[in-house]
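Architecture and fold: a report
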Amino acid sequence: MTVTAATPVPMIELWRGGRLESTHLGHAVICDETGQIVESWGDPAATIFPRSSCKMLQALPLLESGAADAHGLTDRQIALACASHQGAAIHTEAVTRWLSDLGLSEADLRCGAHEPYDTAERNRLIRADEKPCQCHNNCSGKHSGFLTLNRHIKGGPEYVDPDHPVQQAVKAAFEETTGETSPGYGIDGCSAPNYATSVHGLARAMARFAAATGSGDARDRAMHRLTRAMGQYPEMVAGEGRACTELMRAMDGRVAIKTGAEAVFIAIIPERRMGIALKITDGGTRGAEGAIAALLVKLGVLDPAHPATLKRLDAVQKNWRGLETGIIRRAPAFP
């Protein structure tokens, strides 16, 4: 196969019985603080929906507007605004308190309800014969942030409408930070618009977050706080057993990472003033988690021997009897 600029490249492989069984292909970009590409694989210009990997971009207006400070938001809440959480008690209780502090309730959310990913909370609901509510939605923290901004600007209740001032502020921040005019949007699982960009644009935005010092203008301060909040409270960004939480802990909170549906992953690396964005084209989580781990190892910020790394890269596969059946590893030319 001839690899062209527009062709995704092999990134993560599954081997079984000494044979290649599956391959995850994708695009990835590492950017420096100037927005220039340090290294790339596949097509940097490939247009993607960042999905939940861009929640820190969607939270920028919350901080830049002064709404976060006006309502006394803590860094733990700022991390929750960037979350795709498990719907565990620590998440739902935090969302419920946040809404109450705003004088609002679960009914004011527009994200929809789904069963929590957290096993303990799911089992509690079953035993209590209760249905999940919108606070269990993995995006309810982001939506609490939207509602905080909406309260601050006195907007109407349908804050997920693409023409609503909240979403218009998100779009402006998104385009300014990625350095690209978005070609359009899709509606995300939580009902909010999700603006498309290139893999390079997403990595450029993450590098800008990485370069923020907290001593500049409102955007610089917002980026700095969002990055530090995610690293300080990784359990609020995802949850126990999740890649975002486990890998951020493995890096002692020095790097902020975030997954998105359909196998998107970003990383913000302040000590290197670099940003990463990647997309696995088959939409598989296994490939995205292995690829981001490989890139973080490459840049020297993640220990290749850490258990959180070995769970996703050079990961030995076992069957139900405990027999070794295969291994997940990086493709030869990546990274």
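What you are looking at is a predicted structure, and each value in this text was computed from that prediction instead of being measured.

Brief notes about the overall build of the chain
Along its length, the chain carries 14 helices and 12 strands. For 335 residues, the compact-globule formula gives about 20 Å, and the C-alpha radius of gyration of the chain, at 19 Å, lands near that figure. Across its three principal axes, the chain shows a C-alpha extent of roughly 60 × 50 × 35 Å. Looking at the chain as a whole, 54% of its 335 residues qualify as buried. Look at the contacts in the chain between residues 6 or more apart in sequence, and 63% of them connect residues 24 or more apart. With the model as given, the accessible surface of the chain reaches about 13,700 Å², and the carbon-plus-sulfur share is 50%. Taking the average location of the 36 positive side-chain charges in the chain and that of its 38 negative ones, the two points are 3 Å from each other.

Notes on the pairing of strand β9 (residues 264–269)
The buried count for β9 comes to six of six residues, which makes it a mostly enclosed element. The side-chain alternation of β9 yields two buried faces, one formed by V264, I266 and I268 and the other by F265, A267 and I269. Sheet topology note: the strand β8 (residues 256–260)/β9 ladder contains five bridges and is antiparallel. Paired with T259 across the strands is F265, a residue of β9. Bridge analysis of β9 against strand β10 (residues 274–280) gives six bridges, and the strand direction is antiparallel. What sits directly across from I268, in β10, is G275. Hairpin connection from β9 to β10: four residues lie between these consecutive antiparallel strands, with R273 at a positive phi of about 50 degrees.

Overview of the environment of D69
Take D69: it is sitting in helix α3 (residues 67–70). D69 gets classed as exposed once you look at its relative accessible area, which sits at 59%. Of note is the side chain of D69, whose polar atom sits 3.3 Å from the side chain of R225.

Describing the side chain of E175
Along the polypeptide, E175 turns up in helix α8 (residues 165–178). Although E175 is buried, it forms no salt bridge, and the closest oppositely charged side chain is K171 at an N-O distance of 4.4 Å.

Comments concerning the packing of aromatic side chains
For the structure shown, the criterion picks out four aromatic pairs. Between W41 and F334, the aromatic rings sit 5.3 Å apart at their centres with planes inclined by 80 degrees, giving edge-to-face as the arrangement. With a gap of 293 residues between them, W41 in strand β3 (residues 37–41) and F334 in the segment after β12 (324–330) connect regions that are remote in the sequence. By relative accessible area, which is 9% here, W41 ends up buried. Measuring from centroid to centroid gives 6.0 Å for F146 and Y159, while their planes differ by 55 degrees, and the two rings are tilted. Residue F146 is found in helix α7 (residues 140–153), and its partner Y159 is found in the loop between α7 and α8; the two are separated by 13 residues along the sequence.

Observations regarding the packing of α8 against helix α9 (residues 199–211)
The angle between the axes and the distance between the axes are what describe a pair of packed helices. One way to put it is that α8 packs onto α9 with a least axis distance of 7 Å and a crossing angle of 90 degrees. Comparing their axes, α9 and α8 come out roughly perpendicular. When α8 is examined against α9, the residues E176, T177 and T178 are found in contact with a partner set consisting of G201, R204, A205, R208 and F209. Residue composition of the contact of α8 with α9, grouped by class: two nonpolar, three polar and three charged.

Reading the values: the criteria
- Residues numbered from 1 in each chain as written.
- Predicted model: local features only at pLDDT ≥ 70, side-chain atom pairs only at ≥ 80, totals over all residues.
- Heavy atoms only, no water.
- Helix = DSSP H or I, 4+ residues; strand = E, 2+ residues; numbered from the N terminus.
- Rg over C-alpha atoms; globule rule 2.2 N^0.38 Å.
- Buried < 20%, exposed > 50% of the residue type's maximum accessible area, 1.4 Å probe, protein only.
- Contact = heavy atoms within 4.5 Å.
- Areas by Shrake-Rupley, 256 points an atom, 1.4 Å probe, with all protein chains shown as cover.
- Lys, Arg positive; Asp, Glu negative; His and termini not counted.
- Charge placed at Lys NZ, Arg CZ, Asp CG, Glu CD.
- Pairing = 2+ DSSP bridges.
- Polar contact = N/O pair within 3.5 Å; in protein donor to acceptor, adjacent residues only side chain to side chain.
- Salt bridge = Lys/Arg side-chain N within 4 Å of Asp/Glu carboxyl O.
- Phe/Tyr/Trp six-rings, centres within 6.5 Å; stacked < 30°, edge-to-face > 60°.
- Axes fitted to C-alpha atoms, helices over the stretch in contact; angles between N-to-C directions.
- Parallel < 35°, antiparallel > 145°, perpendicular 65-115°, else oblique.
- Nonpolar A, V, L, I, M, F, W, Y, C, P; charged D, E, K, R; others polar.

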